[in-house]
Amino acid sequence: MTVIKGIKGVKDLLPEETPRWRLIEEAARRWASRYGFHEIRIPIFEVTTLFARSIGASTDIVEKEMYTFQDRDGTSVTLRPEGTAGTVRAYIEHNRAAIPVPQKYFYFGPMFRHERPQAGRLRQFHQFGVESLGMADPRADVEVIALLWRILSDLDLHGLTLEINNLGYTSDRDVYRPRLVTYLKQQESGLCSNCRRRVDVNPLRVLDCKTPECRAITEMAPRLADSLSDGARSYFAQVLAGLDVVKIPYSLNHRLVRGLDYYNLTTFEVTATNLGAQNAVGAGGRYDALVETLGGPPTPAVGFAIGLERISMLLPESRVGKLPQEVTVYVAGFGSQGTVVGLTALEELRLAGLPAVSDFRSTTLKTHLRQADRLGCRFALIIGDDEVAKGTGVLRDMETKVQHDVTLSTLRLQISSLLAGH
Ligand code: HAM
């Protein structure tokens, strides 16, 4: 029989890996709550037009990476490639603009993009993201960037750089775009085939193409910074000043244009030196027009998302090693009576709040103790027929090998006092 395998670029997270993921998620959750963000849970699929209209019809994501299919009634639906569009849709649908305080949300969850799978690039990947809706103030940008930086620092990730750029207002880019296109058209033959196509559909994306030939050409290209209005310059200067105030290190990157079309003014990305080609661990920016584009009231907004697979790859073992180990009791019940009393003891330990396990395949004390060791249990509670006859059990400390007789009724108390004695 052929064995059914998982889909390419869609990974299983096995129990050995989930503790590091929990650690990352807990750090993100802790910091998000300190910064006044609240959790939102949005659907995994939405109508296709939501993504096409927000992310932009000529972006890589919408052009070639979306998982889109027809629902049974013929509606075109898409597995979410990111979380901003859905969050904004929910914000509008539930009239959150009417609430007179800033709406600050965070979310976790799987995202779907049909990209070529490689280390750190998956087709189903996971993001933690935040969206701060309602404030057109450089301090809101500083706040989300600081939150991003605090989470990454808390996780002891090293070799990170925060790159930041000013995309200006839409009107600034309308001035800049023809200048850039004129220049790129002159250089067209030297561009990679993808960028030759982009010159007409999405010329700014040529600026962050990674191929050496395109990089050489765009190095000499007119810069967006030279087309920015005074308002955009002053806004960005305040963001940078704010980052200085809260001591978040950054470096300016005039090529950072991002792969989604909804951004204006501040855009940023955190890259890691030791991640290889897929080196962006998190990214975001301001998107002041998106809520209106999707039919909502004018609502300035800023946010970011981090890729949890990439964070997990960077998380130092030393950080994972610090995870507290739960004290687990292994119940070794054997013999005709012991197996029955063992089952009761297992259940009682759990009802009393202590993790307890057993391997029901083991029939002798020796095999039970071997399993207790393998499972990393701190104690083994030995219950054979002899113990049942005496109404006791034997509690064995698996580290020190010291054994104590215990009465089953006071087991929990005895374990607590043993632990306190260590
Ligand atoms: P993004 O840059 O498309 O932005 O994705 C954010 C992060 O998700 C990336 O920096 C990367 O770590 C991770 N990521 C993206 N694609 C993949 C993939 N195929 N495999 C593994 N990880 C991946 C957004 O998604 C925006 N919604 C961010 C945002 C929120 N902007 C404003 N608010």
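Our structure is the block above this text.
What you see is a predicted model; the values in this text were computed from it and never measured.

Criteria and cut-off values
Residues numbered from 1 in each chain as written. Predicted model: local features only at pLDDT ≥ 70, side-chain atom pairs only at ≥ 80, totals over all residues. Heavy atoms only, no water. Salt bridge = Lys/Arg side-chain N within 4 Å of Asp/Glu carboxyl O. Helix = DSSP H or I, 4+ residues; strand = E, 2+ residues; numbered from the N terminus. Buried < 20%, exposed > 50% of the residue type's maximum accessible area, 1.4 Å probe, protein only. Near = heavy atom within 4 Å. Polar contact = N/O pair within 3.5 Å; in protein donor to acceptor, adjacent residues only side chain to side chain. Areas by Shrake-Rupley, 256 points an atom, 1.4 Å probe, with all protein chains shown as cover. Expected span 1.5 Å × (residues − 1). Contact = heavy atoms within 4.5 Å. Pairing = 2+ DSSP bridges. Axes fitted to C-alpha atoms, helices over the stretch in contact; angles between N-to-C directions. Lys, Arg positive; Asp, Glu negative; His and termini not counted. Core = buried A, V, L, I, M, F, W, Y, C linked by side-chain atoms within 4.5 Å. Phe/Tyr/Trp six-rings, centres within 6.5 Å; stacked < 30°, edge-to-face > 60°. Lys NZ or Arg CZ within 6 Å of the ring centre and 35° of its normal. Arc of directions from axis to C-beta.

J.: Sorry if this is basic, but what is going on with the pattern of salt bridges here?
T.: Side chains bearing opposite charge may pair, as long as their charged atoms lie close to each other. A complete count under the given rule lists 25 salt bridges for this structure. Lysine 104 is paired through a salt bridge with glutamate 143; the nearest N and O atoms lie 3.1 Å apart. On the criterion of sequence distance, the pair formed by lysine 104 in strand β5 (residues 103–112) and glutamate 143 in helix α5 (residues 138–154) is long-range, its members being 39 residues apart. Judged by relative accessible area, lysine 104 falls into the buried class, the value being 12%. Residue class for glutamate 143 comes out partly exposed when judged on its relative accessible area of 23%. In this structure, aspartate 288 engages arginine 286 in a salt bridge whose closest nitrogen and oxygen atoms are separated by 2.7 Å. The exposure classification of aspartate 288 matches that of arginine 286, with both residues buried. Several salt bridges share partner residues, and in doing so they unite Arg30, Asp154, Asp156 and Arg319 into one network.

J.: Looking at this structure, I do not really get the site of the ligand. What am I missing?
T.: Every one of the 26 residues lining the ligand counts as a neighbour, but Glu82, Glu115, Glu131, Arg258 and Tyr263 are closest to it. For the ligand, a nitrogen atom lies 2.8 Å from a polar atom in the side chain of glutamate 131. Separating an oxygen atom of the ligand from a backbone N or O atom of glycine 282 is a distance of 3.5 Å. Relative to its unbound accessible area of 670 Å², the ligand is 96% covered by the protein chains. Of all the secondary-structure elements, those providing two or more residues to the shell around the ligand are β6 (124–133), β10 (280–286) and β11 (301–307).

J.: What exactly am I supposed to notice about helix α6 (residues 170–186) here?
T.: In an α-helix, one turn spans 3.6 residues; hence positions three or four apart end up facing the same way. Taking 1.5 Å per residue, 17 residues should reach 24 Å; α6 reaches 25 Å between its end C-alpha atoms and fits that length. Elements in contact with the buried residues of α6: α7 (193–201), α8 (212–219), α9 (230–245) and β9 (264–272).

J.: How do you make sense of the sheet that holds strand β4 (residues 76–79) when you look at a structure like this?
T.: Strand pairing in a sheet is mediated by backbone hydrogen bonds. Such pairs are either parallel or antiparallel. The three strands are arranged β2-β4-β3 in an open sheet whose pairing can be described as antiparallel. Each end of this open sheet is capped by a strand with a single partner; those strands are β2 (45–47) and β3 (67–70). Shown here is a sheet whose adjacent strand axes are inclined to one another by a mean of 30 degrees, direction ignored. The pairing of β2 with β4 spans three bridges and is classified as antiparallel. Note that in β4 the partner of phenylalanine 45 across the bridge is leucine 79. Packing against the sheet, helix α2 (residues 48–55) makes contact with β2, β3 and β4, and its axis sits at approximately 80 degrees to β2.

J.: Would you mind showing me how to read the side chain of glutamate 115 here?
T.: Checked against the element boundaries, glutamate 115 lands in the loop between β5 and β6. Of the side chains bearing the opposite charge, arginine 121 lies closest to the buried glutamate 115, which forms no salt bridge; the N-O distance is 4.1 Å. The contact partners of glutamate 115, leaving out residues within four places of it in the chain, are Glu65, Arg121 and Arg123.

J.: Is there a simple way to explain the nonpolar core in this structure?
T.: Nonpolar side chains in soluble globular proteins tend to be buried together. Formed by 96 residues in total, the largest nonpolar core has its most connected members in Phe128, Ile145, Ile151, Leu155, Leu160, Val281 and Phe304. Among the elements that make up this core, the one with the highest residue count is α5 (10 residues). Those residues in contact with isoleucine 145, other than ones at most four positions away along the chain, are Leu162, Ile164, Val239, Leu243, Ile248, Thr266 and Phe268. Grouped together as the second largest cluster of nonpolar side chains are 14 residues, Ala345, Leu354, Leu381 and Ile415 included.

J.: What should I look at first to understand the pairing of β3 in this one?
T.: For a regular strand, side chains alternate in direction, first toward one face of the sheet and then toward the other. As defined by bridge partners, β3 adjoins β4 across four bridges and the pair is classed as antiparallel. Looking at β4, one finds that tyrosine 67 is bridged to leucine 79.

J.: Just to check I follow, could you spell out the packing of aromatic side chains for this structure?
T.: For any pair of aromatic rings, the description rests on two quantities: the centre-to-centre distance and the angle between the ring planes. Per the stated rule, a full pass over the model turns up seven aromatic pairs. For the ring pair phenylalanine 106 and phenylalanine 108, a centre distance of 6.1 Å and an interplane angle of 85 degrees mean the geometry is edge-to-face. Like phenylalanine 106, the residue phenylalanine 108 is buried in the burial classification. A cation over a ring is seen here: arginine 34 above tryptophan 31, with NZ or CZ 4.3 Å from the ring centre.

J.: Would you explain α7 in this entry?
T.: By the burial criterion, the buried members of α7 are Cys195, Arg198 and Val199. One face of α7 carries all of its buried residues, which in axial projection span an arc of 115 degrees. Opposite the buried face of α7, by more than 90 degrees, sit the exposed residues Ser193 and Asp200. Tucked into the core, α7 has its buried residues touching α3 (60–65), α6 and α8.

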